[in-house]
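Listed below are the residues making up each chain.
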Protein chains: 2
Amino acid sequence: MVRVNGLEGVVVAETELSLVDGQQGRLLFRGYDAADLAVHRTFEEVAHLLWRGHLPTEAERVALERELREYRALPPEVDAVVRALPADRDMMSVLRTAVSALGVTRDWPPAVDDAIRLTAVLPTVIAARAARLAGEEPVAPNPDLGHTANYLYMLRRGQVPAEAEVRTLEAYLVITMEHGLNASTFAGRVVTSTQSDVVSAMTAALGAMKGPLHGGAPSEVMTMLEEIGSEDAAEAWLRAALERGERLMGFGHRVYKTQDPRARALRDVVARFTGADPHFALAVRVEQEALRLLAEYKPGRQLYTNVEYWAAAILRSVGLPKPLYTPTFCCSRMVGWTAHVLEQAAHNRLIRPQSEYVGPLTE
Amino acid sequence: MVRVNGLEGVVVAETELSLVDGQQGRLLFRGYDAADLAVHRTFEEVAHLLWRGHLPTEAERVALERELREYRALPPEVDAVVRALPADRDMMSVLRTAVSALGVTRDWPPAVDDAIRLTAVLPTVIAARAARLAGEEPVAPNPDLGHTANYLYMLRRGQVPAEAEVRTLEAYLVITMEHGLNASTFAGRVVTSTQSDVVSAMTAALGAMKGPLHGGAPSEVMTMLEEIGSEDAAEAWLRAALERGERLMGFGHRVYKTQDPRARALRDVVARFTGADPHFALAVRVEQEALRLLAEYKPGRQLYTNVEYWAAAILRSVGLPKPLYTPTFCCSRMVGWTAHVLEQAAHNRLIRPQSEYVGPLTE
């Protein structure tokens, strides 16, 4: 009998999906450097890699793009369910309920086809809900656009986004697709381990992602950047925060003890595709000042920029409002979650730990 | 680093809710013998014990009964969501989606009030869905009846059930309320550990319960009893099954190495409250023959009747169709699940195990 609070350090699954190498600052998706994938590959290509085990051939890429496009429209029951939810229900609860309302192709084993359907429909749910909350009719998905561009197109009620916006958001969606086990991925694998269906597993994962301890939501960084407001104010603001003993959001990571490879990839993409965007200029300056001040205030702590920092800068630059940060993260992580479901199913064993009774023995 | 496939034998939580003592055939709820509770206490009293830590005073009992009664009616959004789901969607998917559509009183920490609301509404969802599938309008909950009696009343479209039916079904609902950690309870605790809300945790638990490996659904026993059909046919049917090397459903348990205390309690209740019910006469005879033949065919294996056996007999005798067995189990287990959520929240720590990367290292 082993007792491990929080299961820290306990290996519960083998995976071929990702290597999270905190010591060397390396993230691999099925052997490929995720940072490279984020810079050079599309959402669809990397989804194919995670689901099917290899980067797609030209024919496979075209086929997956077509499937994702075909499943973008909301099934009528999902549309009705989303409309039925009161306006004050938060977007994560809406996503969880919309996903739960989806049917599956088959209960067991989970089908890649259902992974594709779940991934295809999530952006449409978010955009449709956001439109209705704003008192507008949702626009239909645009079949001429890829997965990422279409998401922005729907969010903007039919305005085709600029190339730089698509490339930076796509890099964010690719780099955050998969990151080993974490509470949401694990919740999905626990549900799958009972031979339940992939929709059940994904409602569990979405429910776990809703919790603030899950992390991964860059909205606090966004708040910081907004409060700082201008490049000139950066040093004074950051110094004051450090003097008050506050943590700087977007720096340091539980696993990565060196540079977070995801932050590096996103900064590269930003540098490559965006010109004089003032959001990014501010983000670059704040990062510079923060790293300098962290070295001064916390010498030897090795605090590096993490993925949330550049994620916030990107999400802000493409105009996403803060309540859509975590839901948008789910649009990318849905690929990793469903890939874990497929992997769990392929080598399934029921995940059932124990509790220890510490209550009274007789009454 | 510890590696434990399926987390078997790994203790991930302390609990004051239940002791599952497989060696001695003992099940305690907060120190009370669960078999005694099933025979002598109501659903509401034992729910109070699990949620609040003690059996209710008279005033507390009245208060909880009132709260459960008040929350029985479907909130309009839940009703709309259930109506929106296609008729071929299975009842577990309906329950999961209906629960996901519920709002919570507060996100964190979880409130007992929400545990009560979730428990109160589940029978109404099931009965309303079953009525509509049969082309009928659901009947409103009956405020003069307790939790268990009202469930049968709604399922029967307004017919008040007999005392014996209520007592036997209530014993089933009490004895299956809680049973330590298992995949569904664990899924709920994983979601709660991120500080997500109780509705998110319960959609995860329902999703896990949907999986056939979770176990706990007595419908296979029911199928066996139906196939046997009459007392006289019992011995020949069972002997033929054993000769073919088949497992007899309803006998043996992973944890209980002696009599399953839940089976004993349910048999006691059946004996006490039912007269010449032919369903029970058949169940008694089949159990007798099966135990005799198991001793003959599998000597030394110590196979005892398990809870599913008597659960099937009870659910069948009150007229529940098989597709409602697992959903009805959820009506009782919702109490244990939510009690675990409250307990997890009181001593919370993020549950986050690790995976080991076994994929390629370079491509």
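Quick caveat, the model's predicted, so the values are computed rather than measured. Position labels on residues start from 1 in each chain and follow its written sequence. As a convention, the first chain written is A and the first ligand written is 1, with the rest following in written order. Only residues with pLDDT of at least 70 are given local features in this predicted model, and only at 80 or more are side-chain atom pairs given and counted; all residues enter the totals for whole chains, interfaces and linings. Side-chain metrics rest on all non-hydrogen atoms present in the structure, leaving aside hydrogens and water.

## Comments concerning the relation of the copies chain B and chain A
To superpose the copies, least squares is applied to the C-alpha atoms of every residue with a pLDDT of at least 70 in both. Of the two same-sequence chains, chain B is brought onto chain A (RMSD 0.0 Å, axial shift 0.0 Å) by a rotation of 180 degrees. Taken together, the rotation and translation describe the operation of a two-fold axis. It is Ala 204 of chain B whose C-alpha, among those of chain B, lies nearest the rotation axis, at 2.1 Å. We call two residues in contact when some of their heavy atoms are within 4.5 Å. Taken as a fraction of all interface residues of chain B, those also at the interface in chain A reach 100%, which identifies the copy contact as same-surface.

## Considering the nonpolar core
Residues Trp 51, Phe 186 and Met 202 of chain A together with Trp 51, Phe 186 and Met 202 of chain B are the most contacted members of the largest nonpolar core, which totals 244 residues. Setting aside residues no more than four positions away along its own chain, Met 202 of chain A makes contact with Val 99, Leu 118, Met 334, Trp 337, Thr 338 and Val 341 of chain A. We call a set of buried residues a nonpolar core when its members are Ala, Val, Leu, Ile, Met, Phe, Trp, Tyr or Cys and they connect through side-chain atoms within 4.5 Å of each other. The buried label goes to any residue with under 20% of its type's maximum accessible area, the exposed label to any with over 50%, and the partly exposed label to all in between, with areas taken from a 1.4 Å probe on protein chains only.

## Focus: helix H16 (residues 325-346) of chain B
Since the α-helix packs 3.6 residues into each turn, any two residues three or four apart lie on the same face. Numbered from the N terminus, helices here are DSSP runs of H or I no shorter than four residues, and strands are runs of E no shorter than two. Working rule for helices: expected span equals 1.5 Å times residues minus one. An ideal rise of 1.5 Å per residue puts 32 Å on 22 residues; H16 of chain B measures up with 32 Å between its terminal C-alpha atoms. With 21 of its 22 residues buried, H16 of chain B lies for the most part within the structure.

## So, the interface of chain B and chain A
Tallying the contact residues gives 79 residues for chain B and 79 residues for chain A. Note: buried area is the sum, over both parts, of the accessible area (probe 1.4 Å) each one loses when the two are combined. Counting the surface lost from both chain B and chain A, the interface buries some 7100 Å², and carbon and sulfur atoms represent 59% of this. The largest per-residue losses of area from chain B upon contact with chain A belong to Val 11, Arg 352 and Tyr 357 of chain B, which jointly make up 10% of the total buried on that side. Any carboxyl oxygen of Asp or Glu within 4 Å of a side-chain nitrogen of Lys or Arg constitutes a salt bridge here. Connecting chain B to chain A are 8 salt bridges. Among the ionic pairs, Arg 349 of chain B bridges to Glu 8 of chain A, the shortest N-O distance being 2.5 Å. Residues adjacent in sequence count toward polar contacts only when both atoms are side-chain atoms; beyond that, a polar contact is any pair of N or O atoms within 3.5 Å, and within protein one must be able to donate a hydrogen and the other to accept it. Inspection of the region where chain B meets chain A yields 34 residue pairs in polar contact (both at pLDDT 80 or more). Elements supplying a minimum of two residues to the side of chain B that touches chain A: strand E1 (2-3), strand E2 (10-15), strand E3 (18-21), helix H4 (76-84), helix H5 (91-101), helix H9 (183-192), helix H10 (198-209) and strand E6 (354-357) of chain B. Think of it as three bins: nonpolar holds Ala, Val, Leu, Ile, Met, Phe, Trp, Tyr, Cys and Pro, charged holds Asp, Glu, Lys and Arg, and polar takes everything else, Gly as well. For the side of chain B that touches chain A, the residue count by class is 37 nonpolar, 26 polar and 16 charged.

## Brief notes about the packing of aromatic side chains
Ring pairs are drawn from Phe, Tyr and Trp, using the six-membered ring of Trp, whenever the two centres fall within 6.5 Å, and their geometry is named by plane angle: stacked under 30 degrees, edge-to-face over 60, tilted for the rest. Tallied over the full model, the rule gives 5 aromatic pairs over all chains. Geometrically, the ring pair formed by Phe 251 of chain B and Tyr 309 of chain B is tilted, given 5.2 Å between the ring centres and 50 degrees between the ring planes. With Phe 251 of chain B in the loop between helix H12 (234-243) and helix H13 (261-273) and Tyr 309 of chain B in helix H15 (residues 307-317), this residue pair connects regions lying 58 residues apart in the sequence. The same class applies to Phe 251 of chain B as to Tyr 309 of chain B, namely buried. A ring pair is formed by Tyr 309 of chain B and Trp 310 of chain B, whose centres lie 5.5 Å apart and whose planes are at 75 degrees; its orientation type is edge-to-face. Neither residue differs from the other here; Tyr 309 of chain B and Trp 310 of chain B are each classed as buried. An aromatic cluster of three or more residues is present, and its members are Phe 251, Tyr 309 and Trp 310 of chain A. Across the ring face of Tyr 71 of chain A, the terminal group of Arg 117 of chain A is positioned such that the distance to the ring centre comes to 5.9 Å. Placement of a positive charge over a ring is assigned whenever Lys NZ or Arg CZ falls within 6 Å of the ring centre and within 35 degrees of the normal to the ring plane.

## What to know about the sheet that holds strand E5 (residues 32-33) of chain A
Sheets are built from strands paired through backbone hydrogen bonds, the pairs being either parallel or antiparallel. Residue and element names in this part refer to chain A. Only strands joined by at least two bridges in the DSSP assignment are considered to pair. Within the open sheet, the 3 strands sit side by side as E3-E4-E5. Their pairing is antiparallel. Strand pairing shows two members of the sheet lacking a second neighbour, strand E3 (18-21) and E5, which therefore form its edges. As judged from the 4 bridges shared by E3 and strand E4 (residues 26-29), these two strands associate in the antiparallel manner. Paired with Val 20 across the bridge in E4 is Leu 27.

## A few points about the environment of Tyr 71 of chain A
Residues and elements named next belong to chain A. With respect to the element layout, Tyr 71 can be found in the loop between helix H3 (58-70) and helix H4 (76-84). The spacing of Tyr 71 and Leu 118 is 47 residues in sequence and 8.4 Å in space, taken between C-alpha atoms. Discounting chain neighbours no more than four positions away, the residues touching Tyr 71 are Asp 113, Ile 116, Arg 117, Ala 120 and Val 121.

## Things to note about the domain arrangement of chain A
Residue and element names in this part refer to chain A. Per the domain assignment, the segments making up chain A are domain 1 (14-213 + 319-346) and domain 2 (217-317). The source of the domain bounds is an automatic or database domain assignment. Computed from C-alpha atoms alone, the centre-to-centre distance between domain 1 and domain 2 is 26 Å. Taken together, the 28 residues of domain 1 in the interface contact 29 residues of domain 2. Both faces combined, the contact of domain 1 with domain 2 buries some 2400 Å², and carbon together with sulfur accounts for 70% of it. Considering only the side of domain 1, the residues that lose the most area to domain 2 are Thr 168, Lys 322 and Tyr 325, jointly responsible for 26% of the buried surface there. One can count 1 salt bridge joining domain 1 with domain 2.

## Some details on the confidence of the model for chain A
The predicted model of chain A averages 94 in pLDDT, with 99% of residues at 70 or higher. Here the predicted complex scores 0.96 on pTM and 0.95 on ipTM. The pLDDT value expresses, per residue, how confident the predictor is, ranging between 0 and 100.

## Details of unusual backbone geometry
What is expected of a backbone is that most residues other than glycine have negative phi and most peptide bonds are trans. Here the amide bond leading from Trp 108 of chain A into Pro 109 of chain A is cis, since omega sits at -10 degrees, within 30 degrees of zero. With a phi close to 55 degrees, Gln 302 of chain A is a non-glycine residue in the positive phi region. Mapping Gln 302 of chain A onto the fold places it in the loop between helix H14 (278-297) and helix H15 (307-317). Phi is positive for Gln 195 of chain B, close to 65 degrees, though the residue is something other than glycine.

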